[in-house]
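Below, each chain spelled out in residue letters.
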Amino acid sequence: MTTAPGGVPHPPSSSHPLRTIRDIRESLPEEQRRHFDAELADTEIEALPKMLHRWVTLSNDGFEQFLLSRPFEGLEFGARSYDEQTDTE
């Protein structure tokens, strides 16, 4: 915990909205939930914070939203850059 300017302690802010194991589970696609549950069941208590942090990072990495946002729109695939070059020899 850190102390506010008035001397009142406040909890550290979190960089992600997931606060519980249920939040983590619900943020994952169904096929990943099975993997999460299996790993959770086999993780030792001492390793639990690291394991949960990794899953929070995976669930909040934004990769799925990136793919769904059409990042490749307007790109043409299959053409090679050297196909357009003229032979200079």
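Everything numeric here is computed off the predicted structure, so don't read it as measured data. (Residues numbered from 1 in each chain as written. Predicted model: local features only at pLDDT ≥ 70, side-chain atom pairs only at ≥ 80, totals over all residues. Heavy atoms only, no water.)

A separate point is the packing of aromatic side chains. Enumeration according to the criterion identifies 1 aromatic pair in this entry. Seen in terms of ring centroids, Phe36 and Trp55 are 5.3 Å apart; in terms of plane orientation they differ by 80°. Their pairing is edge-to-face. Here Phe36, found in helix α2 (residues 30–42), pairs with Trp55, found in helix α3 (residues 48–59); they are 19 residues apart in sequence, far enough to count as distant. Given a relative accessible area of 0%, Phe36 falls into the buried group. On the basis of relative accessible area, Trp55 is assigned to the buried category, the value being 7%. (Phe/Tyr/Trp six-rings, centres within 6.5 Å; stacked < 30°, edge-to-face > 60°. Helix = DSSP H or I, 4+ residues; strand = E, 2+ residues; numbered from the N terminus. Buried < 20%, exposed > 50% of the residue type's maximum accessible area, 1.4 Å probe, protein only.)

What follows covers the environment of Pro29. Counting through the fold element by element, Pro29 comes out in the loop between α1 (21–27) and α2. Taking the C-alpha atoms as reference points, Pro29 and Ser59, separated by 30 residues in sequence, lie 8.9 Å from one another.

Quick look at the side chain of Thr43 now. Note on placement: Thr43 falls in the loop between α2 and α3. One polar contact links the side chain of Thr43 to the main-chain carbonyl oxygen of Glu39, over a distance of 2.5 Å. Setting aside anything within four residues of it in sequence, one finds Thr43 in contact with Leu48 and Met51. (Polar contact = N/O pair within 3.5 Å; in protein donor to acceptor, adjacent residues only side chain to side chain. Contact = heavy atoms within 4.5 Å.)

Without other data, these values stay purely geometric and don't point to any function.
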